[in-house]
Amino acid sequence: MSRALGFGSVATAYERYRPGYPPELVDAVLEYAGRPVATALEIGAGTGKATRAFAAHAIEITATDPDEAMLAVLRRHVPGVTTVRGAFGDLPLTTTYDLVYAAAAMHWTRPEGRWERVAALLVPGGVFASLGGPLDLADPDLAAKVAGARAPYLASDDIPSPDGTPEDSPMRWPGTELTASPLFTDVRQVELPSPTVLSRNDYVGLLSTISAWLELPPTVREAALEAVRDVLPEQVDLRRDLTLHLARVVGDP
Ligand SMILES: C[S@@+](CC[C@H](N)C(=O)[O-])C[C@H]1O[C@@H](n2cnc3c(N)ncnc32)[C@H](O)[C@@H]1O
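Residues numbered from 1 in each chain as written. Predicted model: local features only at pLDDT ≥ 70, side-chain atom pairs only at ≥ 80, totals over all residues.

1. Some words on the overall build of the protein
Each helix and strand in the protein was counted, giving 10 helices and nine strands. In terms of principal-axis extent, the alpha carbons of the protein reach across some 55 × 40 × 30 Å. Burial statistics for the protein: of 253 residues in total, 34% are counted as buried. A separation threshold of at least 6 residues defines the contact pool for the protein, and within that pool the share at least 24 residues apart is 75%. (Helix = DSSP H or I, 4+ residues; strand = E, 2+ residues; numbered from the N terminus. Buried ≥ 20, exposed ≤ 12 C-beta atoms within 10 Å, placed from the backbone. Contact = placed C-beta atoms within 7 Å.)

2. Overview of the packing of helix α8 (residues 200-207) against helix α10 (residues 218-231)
Each pair of packed helices can be summarised by the angle the axes make with each other and by the distance between the axes. Where α8 contacts α10, the two axes come as close as 10 Å, and the packing angle between them is 150°. One finds that α8 runs roughly antiparallel with respect to α10. Considering how the two elements wind past one another, α8 and α10 form a crossing that is right-handed. Packed against α8, whose contacting residues are Arg 200, Val 204 and Leu 207, the element α10 presents Leu 225, Val 228 and Arg 229 at the interface. For the contact of α8 with α10, the per-class residue count stands at four nonpolar, no polar and two charged. (Axes fitted to C-alpha atoms, helices over the stretch in contact; angles between N-to-C directions. Parallel < 35°, antiparallel > 145°, perpendicular 65-115°, else oblique. Left-handed = near helix turned anticlockwise from the far one by under 90°. Nonpolar A, V, L, I, M, F, W, Y, C, P; charged D, E, K, R; others polar.)

3. Some words on the environment of Glu 112
Considering the arrangement of structural elements, one finds Glu 112 in the loop between β4 (97-103) and α5 (114-120). Take Glu 112: there are 8 C-beta atoms within 10 Å of it, and that puts it in the exposed class.

4. What to know about the site of the ligand
Taken together, 22 residues surround the ligand, and among them Gly 44, Gly 46, Lys 49, Ala 87 and Ala 103 come closest. Residues belonging to the shell around the ligand are distributed by class as follows: 14 nonpolar, four polar and four charged. (Near = placed C-beta within 6 Å.)

5. A look at the pairing of strand β9 (residues 241-249)
Judged by how many residues are buried, β9 sits mostly within the fold: seven of nine residues are covered. Both strand β5 (residues 122-132) and β9 contribute to a ladder of six bridges, which runs antiparallel. Considered in β9, the bridge of Val 127 is made with Arg 248. The pairing of strand β6 (residues 184-193) with β9 spans eight bridges and is antiparallel. Paired with Arg 188 across the bridge in β9 is Leu 246. (Pairing = 2+ DSSP bridges.)

6. Looking at the environment of Phe 88
As for its placement among the helices and strands, Phe 88 is situated in the loop between β3 (82-85) and β4. When the C-alpha positions of Phe 88 and Asp 65 are compared, they lie 7.5 Å apart, and in sequence the two are 23 residues distant. With sequence-adjacent residues up to four places away left out, Phe 88 is seen in contact with Ile 43, Gly 44, Thr 109 and Arg 117.

7. Overview of the sheet that holds strand β2 (residues 60-65)
Within a sheet, adjacent strands bond to each other through the backbone by hydrogen bonds, running parallel or antiparallel. With respect to topology, seven strands assemble into an open sheet ordered β3-β2-β1-β4-β5-β9-β6, the strand pairing being mixed. Because the sheet does not close on itself, it has two edges, and the strands there are β3 and β6. Here the strands of the sheet are splayed against their neighbours by 20° on average, with no regard to which way each runs. Of the pairings in the sheet, the one linking β4 to β5 comprises six bridges and is parallel in character. Counted as the bridge partner of Tyr 101 is Ala 129 from β5. Sitting on the sheet, helix α4 (residues 68-77) touches β2 and β3, and the angle it makes with β3 is about 175°.

8. Digging into the nonpolar core
If you look at the biggest cluster of nonpolar residues, it comprises 51 residues, and the most contacted ones within it are Ala 40, Leu 99, Val 100, Phe 128 and Ala 129. Counting residues in each nonpolar core, the second largest holds 10 residues, with Leu 135, Leu 207, Trp 213 and Ala 224 among its members. (Core = buried A, V, L, I, M, F, W, Y, C linked by C-beta atoms within 7 Å.)

9. Comments concerning the packing of helix α6 (residues 140-150) against α10
Viewed as axis vectors pointing N to C, α6 and α10 meet at an angle of 150°, and their least axial separation amounts to 8 Å. Between α6 and α10, the crossing angle belongs to the class labelled roughly antiparallel. Every pair of crossing elements has a handedness; the one defined by α6 and α10 is right-handed. Taken together, the residues of α10 that come into contact with α6 (itself represented by Lys 145, Val 146, Ala 149 and Arg 150) are Ala 224, Ala 227, Val 228, Asp 230 and Val 231.

So yeah, pure geometry; function would need other evidence.
Structure, rendered in structure tokens:
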């Protein structure tokens, strides 16, 4: 099982423990679009954490994901959305949308032809939006303790930047690639800090849905989660620095 396709095995836990997205996310996308957004294609929709935020704005959404178990949960929580099973690189390029977006999913897509495919799925002047960001412990001392407890089982659960752009550079991936692409214009990076407080149990539940943890053999994963649980306080503060990248496909609106 590849790291990108492990989420379905924990689809119910994913829905239970992963935090949703703030309404400001959709507001920022719609404000950037500057014109009505009637249709959208979502890449890697998972259980629909972002889908429900966009669906609240009466946008006709086609939610896609390669994992049927994730889509089954999405259909239960976001009725009325069209779902299509498929990896982004395999989706047919037969329809165009006002908006193409992805939340915590773009880095899992095949790099070859990625931006050409996004551009082909947009109406002229249509908008692409990609949201992501780490769920870091706010307290550096606690983060060090947790890293120490995890280390015998798992060295790191970070997801490296697909093009190697460092986390502290002014423009991060995929903004870097969108800026370099002749297919897109007006590339912007918007920070959406979204601090979250979780109970100890919910934080451990959240860790159990992260791809690097899913790759561990089940007994090792359980031992690692227990080791982390042992050093956590009852309430855990998370920084959750969400970053939104926006771009407009070249072409007259
Ligand atoms: C971290 S989850 C994000 C799910 C959801 N967008 C959210 O924000 O909660 C990543 C999702 O990307 C999907 N995925 C993996 N490989 C993909 C690919 N090649 N194309 C599209 N989606 C993919 C996984 O099945 C999973 O549902």
